[in-house]
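Coordinate inspection notes
Each chain, letter by letter, is given below.
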Amino acid sequence: MALFSSSTRDVPQVNAVPVHVAVIMDGNGRWAKKRFLPRVAGHFKGLDLLREMVRACLDRGIRYLTVFAFSSENWRRPQEEVSLLMQLFAKALQQEVAKLNRNEVRLRVAGDLSRFDPFLQGLVRDAEEKTATNQKLDLTICANYGGRWDIMQALNRLAQACPEKAGAWSEEDLAPYLSMAFAPEPDLFIRTGGEERISNFLLWQLAYTEFYFTPTLWPDFDTEAFAKAITSYQRRERRFGRTSEQLPGQDNA
Ligand code: IPE
Ligand code: IPE
Ligand code: MG
């Protein structure tokens with residue numbers, strides 16, 4: 001597995017187009033409520049917007065898109081909503097594979113899948129296998145994912161694999177066991193829906209990511225709204241601990 005450098009160990013290369021975009025797709029429920037629709041109608045519409053986002057990433061040459069679909073804390077929601085979300089997830093997995101293949105999109109699901117019913121686990125494995133050779137865009141759906149869960153599962157696997165080095169493990173030792181080991185750290189993090197928090201998303205990987213918060217609800221977050229997020233990203237100065245003067249292209253005199 002190709003491992004990427006860590007933003008805290010080496011200064012990453014920065015491009016105008018983000019390589020990896022991570023998104024908390026929030027606001028589906030409020031979108032539906034505003035329209036006097038059941039919350040699930042918002043999730044349904046949200047799936048449309050995810051399709052649009054995948055298209056926009058392909059068009060822009062973004063290489064990795066990681067989205068938060070269901071957090072380890074979302075089990076706390078009413079049972080009916082959880083079950084409808086699972087049904088929507090299962091249906092999407094079944095329906096989208098052909099289209100993902102046509103567009104050369106590789107799908108992965110990150111999270112603790114053991115809590116999903118075996119049928120859904122099978123659909124996930126199947127979709128991952130069928131898209132495994134696609135190389136244009138890596139789309140990762142975080143489902144029953146939690147940043148703390150991720151760090152703990154990685155630590156536990158490292159402890160099993162390399163107990164003799166306990167007490168002297170480095171970032172590099174842990175990195176291969178994290179769920180997102182196949183991708184570089186996100187360049188841009190977007191959260192729609194107005195909330196300005198991480199909600200236990202990619203805690204480890206967001207160390208030097210640029211954050212973009214917008215009040216736009218996820219089902220309204222169209223290509224134009226995404227373009228604004230990219231423009232905002234392009235105006236940022238990513239220093240990674242250095243001073244402005246030290247950045248490439250700056251006058252270092
Ligand atoms: C995000 O939308 C989707 C999931 C968490 C599954 P919400 O369902 O959180 O929508 P709001 O925040 O209630 O509007
Ligand atoms: C969690 O969203 C992340 C997802 C979109 C799945 P929530 O809407 O559940 O987040 P909180 O609980 O309000 O922080
Ligand atoms: Mg929410």
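Criteria and thresholds
- Residues numbered from 1 in each chain as written.
- Chains lettered and ligands numbered in written order.
- Predicted model: local features only at pLDDT ≥ 70, side-chain atom pairs only at ≥ 80, totals over all residues.
- Heavy atoms only, no water.
- Helix = DSSP H or I, 4+ residues; strand = E, 2+ residues; numbered from the N terminus.
- Rg over C-alpha atoms; globule rule 2.2 N^0.38 Å.
- Buried < 20%, exposed > 50% of the residue type's maximum accessible area, 1.4 Å probe, protein only.
- Contact = heavy atoms within 4.5 Å.
- Areas by Shrake-Rupley, 256 points an atom, 1.4 Å probe, with all protein chains shown as cover.
- Lys, Arg positive; Asp, Glu negative; His and termini not counted.
- Charge placed at Lys NZ, Arg CZ, Asp CG, Glu CD.
- Near = heavy atom within 4 Å.
- Polar contact = N/O pair within 3.5 Å; in protein donor to acceptor, adjacent residues only side chain to side chain.
- Expected span 1.5 Å × (residues − 1).
- Arc of directions from axis to C-beta.
- Core = buried A, V, L, I, M, F, W, Y, C linked by side-chain atoms within 4.5 Å.

What follows deals with the overall build of the protein. Of regular secondary structure, the protein possesses seven helices and six strands. Reading the helices (α) and strands (β) of the protein from amino to carboxyl end gives β-α-α-β-α-β-α-β-α-α-β-β-α. Scaling as 2.2 N^0.38, a compact globule of 253 residues should have a C-alpha radius of gyration of about 18 Å, and the protein matches this with 19 Å. C-alpha extents for the protein along the principal axes are approximately 60 × 45 × 35 Å. When the 253 residues of the protein are sorted by exposure, 46% land in the buried category. Restricting the contact set of the protein to residue pairs at least 6 apart, pairs at least 24 apart contribute 77%. Working note: accessible area of the protein is about 13400 Å², and carbon and sulfur atoms make up 50% of it. Across the protein, the mean location of the 33 positive side-chain charges is 5 Å away from that of the 32 negative side-chain charges.

Lining the immediate surroundings of ligand 2 are Ile 24, Met 25, Asp 26, Phe 68, Ala 69, Phe 70, Ser 71, Asn 74, Arg 77, Arg 191, Arg 197 and Ser 199. Interatomic distance of 2.8 Å between a side-chain N/O atom of Asn 74 and an oxygen atom of ligand 2. Arg 191 is positioned such that a nitrogen or oxygen atom in its side chain is 3.2 Å from an oxygen atom of ligand 2. Protein contact buries 79% of the 390 Å² of open area that ligand 2 shows by itself. Broken down by element, the residue count for the shell around ligand 2 peaks at four residues, all from strand E2 (residues 64-71).

The first and last C-alpha atoms of helix H5 (residues 147-161) sit 21 Å apart over 15 residues, in line with the 21 Å expected at 1.5 Å per residue. Along H5, the positions that sit buried rather than exposed are Gly 147, Asp 150, Gln 153, Ala 154 and Leu 158. Buried residues along H5 cover an arc of 135 degrees about the axis, so they all sit on one side. Exposed residues on H5 whose side chains face more than 90 degrees from its buried face are Arg 148 and Gln 160. Where H5 is buried, its residues touch strand E4 (137-145) and helix H6 (171-174).

In this section: the nonpolar core. Ranked by size, the top nonpolar core spans 48 residues in total, and within it Val 21, Val 23, Leu 50, Met 53, Leu 65, Ile 190 and Phe 226 carry the most contacts. The element best represented in this core is helix H3 (residues 79-102), accounting for ten residues. Contacts of Phe 226, omitting those with residues within four sequence positions, involve Val 21, Met 53, Ala 56, Cys 57, Arg 60, Ile 62, Ile 190 and Phe 221. Among the nonpolar cores identified, the runner-up in size contains 14 residues, and Ala 110, Met 180, Phe 189 and Leu 206 belong to it.

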